[in-house]
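Letter by letter, the chains look like this.
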Amino acid sequence: MEIRPFRAYRFDAHVVGNVGDCIAPPYDVIDANQQRQLYEKNPYNIVRITRGKTTSCDDEQHNQYTRAAEYLTQWIQQGALKPDTREAIYGYVQDFEIDGVAFERLTFIALGKLEDFGQTVKPHEQVFAKPMLDRLNLKKATAARFGLVFMLYEDPQGVADRIIQKAAAQKPLLDFVDDQDVRHRLFAITARGEIEAIHQMMGDKSCIIADGHHRYTTGLTYWRQSGNPAAAYQMMAFTNLKQQGLVVLATHRVAGGINGFTPQTFLQKLQGKFDLVEFRFTAQDEDKAQARQKMLTEMKSLHEKDRVALGIYMADGAFRVAVLKDKQLMAVVAPERSEAWRTLDVSVLQKLVLEELLAIDEERMGNSDFVEYVKDVPNAIDGIISQIDAGTKQVALFTNPVKMRQLVAVTDAGERMPHKSTYFFPKMYTGLTIQKL
């Protein structure tokens, strides 16, 4: 992977105030409520560009993309956004906790040369068409890149990690804590020797796209359509696979809009392919919480033994774990896929449950009326259960997180996982650095 330093546009505290109030999560995890909160947080919050509000009066001349371009131009003219005076690779450090355990993830931000998917750049999951059109429209309107493509590379020597740790001893360019208690710090790496060391280390590396498939794909499209030579290099965030701070969480599914669905008929269909472990509960909240925890514990135990185990909740007085009886069932429904792909929990969920038992096709999987994808953040499972209890969805399907070795095996086989297979925590935030083309 060819990488190079760049002069990022960054928010100037003298104009915007608290720069941390101008940064936002990636566009695709921002719901309407968080969008409103970010709008109110600071008039310069990047959400106005990356996930701008729409109105009933929008047309081809006036819409969220044209407004994004206007904001970008105004902010540069006002000095709210300024380019750095020197080219740099940026050290990005995230400190966070999961279940009381502290982690630190070290990342560097640089420009990476865009290439077709192959040996150098490997996607790991399928993408939806609608978000790609959205990101392409934004690039065309602004001639800029705002979000980070999250790339994984493998370096047992930890060359860049040591350089980032050294930079982290300096005063940060940015230091803020988000609403999930993740601390984000940004540092400039400008020494020519250190930039060259990272450049040489990355020269023979291949990378897996961890997050940002839509951004990468539209980056390729924009480069080819625009003919802009600067667009051949995309702003990316690179993290070493060998780090302890590289954490993957699960993404659960909540399904609805299924004609003729009842818990009884669904369970009958499941029993043909899965062994069911049931955890019943009474109307008491404490009893229900204990049953839920038993389901999650059983899922984790089976996952550690490399068994496929899916959690199920349908508001019928029980949590259940569905354990795949025979892995050869996947060879029947997906004979063209590799063994690595067929053994993924999310692959089993898609092929044997969503497609075969619930008759949800590929198009409906991209429609939130039928399938909603919920990242395993704190309180996410409570929210999922509330949806089922309220009757807004019919069945919750809980998954275990993909193991890193599974991700590598699937990408090495030249394949992609199903939609929304992984949730790398924490997210790479948007607005720390901006690439103006």
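Residues numbered from 1 in each chain as written. Predicted model: local features only at pLDDT ≥ 70, side-chain atom pairs only at ≥ 80, totals over all residues. Heavy atoms only, no water.

Q: Looking at this model, I keep getting lost on the overall build of the protein chain. Mind explaining?
A: Each helix and strand counted, the protein chain has 16 helices and 21 strands in total. Computed over the C-alpha atoms, the radius of gyration of the protein chain is 23 Å, within 12% of the 22 Å expected from 2.2 N^0.38 for a compact globule of 437 residues. With respect to the principal axes defined by its C-alpha atoms, the protein chain has extents near 65 × 50 × 45 Å. Scored against the burial criterion, the 437 residues of the protein chain give a buried share of 56%. In the protein chain, 77% of the contacts between residues at least 6 apart in sequence involve partners at least 24 apart. Only carbon and sulfur atoms are counted for the fraction: they give 47% of the accessible area of the protein chain, which is about 19000 Å². If the 54 positive side-chain charges of the protein chain are averaged to one point and the 56 negative ones to another, these points end up 3 Å apart. (Helix = DSSP H or I, 4+ residues; strand = E, 2+ residues; numbered from the N terminus. Rg over C-alpha atoms; globule rule 2.2 N^0.38 Å. Buried < 20%, exposed > 50% of the residue type's maximum accessible area, 1.4 Å probe, protein only. Contact = heavy atoms within 4.5 Å. Areas by Shrake-Rupley, 256 points an atom, 1.4 Å probe, with all protein chains shown as cover. Lys, Arg positive; Asp, Glu negative; His and termini not counted. Charge placed at Lys NZ, Arg CZ, Asp CG, Glu CD.)

Q: Would you mind going over the nonpolar core with me for this structure?
A: One recurring pattern in soluble globular proteins: nonpolar side chains tend to sit buried together. Counting 87 residues, the largest nonpolar core has F11, F266 and L358 as the members making the most contacts within it. If you tally residues by element for this core, the top one is helix 13 (residues 345-357), at 7 residues. Those residues within four positions of L358 in sequence are excluded, and the remaining contacts are I258, F261, F266, V353, V395 and L397. Residues M1, I3, A160 and I198 belong to the second largest nonpolar core, which totals 28 residues. (Core = buried A, V, L, I, M, F, W, Y, C linked by side-chain atoms within 4.5 Å.)

Q: I would appreciate a short explanation of the pattern of salt bridges in the present structure.
A: One side chain can pair with another of opposite charge once the charged atoms of both are near each other. For the coordinates displayed, the defined rule picks out 25 salt bridges. Between K166 and E194 there is a salt bridge, and its shortest N-O distance comes to 3.0 Å. One end of the pair, K166, is in helix 6 (residues 159-167); the other, E194, is in helix 7 (residues 192-202), with 28 residues separating them in the sequence. Note on K166: relative accessible area 54%, which makes it exposed. Note that K403 and D306 form a salt bridge whose closest N and O atoms lie 2.5 Å from each other. (Salt bridge = Lys/Arg side-chain N within 4 Å of Asp/Glu carboxyl O.)

Q: What exactly am I supposed to notice about unusual backbone geometry here?
A: If a residue is not glycine, its phi is most likely negative; likewise, a peptide bond is most likely trans. Look at the link from F425 to P426: it is a cis peptide, with omega at -5°. Structurally, P426 can be placed in the loop between strand 20 (423-425) and strand 21 (435-436). Despite not being glycine, A359 shows a phi value in the positive range, around 55°. Following the sequence through the fold, A359 ends up in the loop between helix 13 and helix 14 (362-365). Overall, A359 belongs to the exposed group, its relative accessible area being 53%.

Q: Looking at this model, I keep getting lost on the packing of aromatic side chains. Mind explaining?
A: Aromatic ring pairs: the centre-centre distance and the angle between the two ring planes describe each pair. Tallied over the entire structure, the rule returns 16 aromatic pairs. A centroid spacing of 5.5 Å and a plane angle of 70° characterise the contact between F150 and F424, whose relative ring orientation is edge-to-face. Taken as a pair, F150 in strand 8 (residues 149-153) and F424 in strand 20 lie far apart in primary sequence, 274 residues in all. Accessibility assignment for this pair places F150 and F424 in one class, buried. Three or more aromatic residues joined by ring pairs make a cluster, and in this case those are F11, Y44, Y71 and W75. One Lys or Arg, K53, reaches over the ring of Y39 and ends 4.3 Å from the middle of that ring. (Phe/Tyr/Trp six-rings, centres within 6.5 Å; stacked < 30°, edge-to-face > 60°. Lys NZ or Arg CZ within 6 Å of the ring centre and 35° of its normal.)

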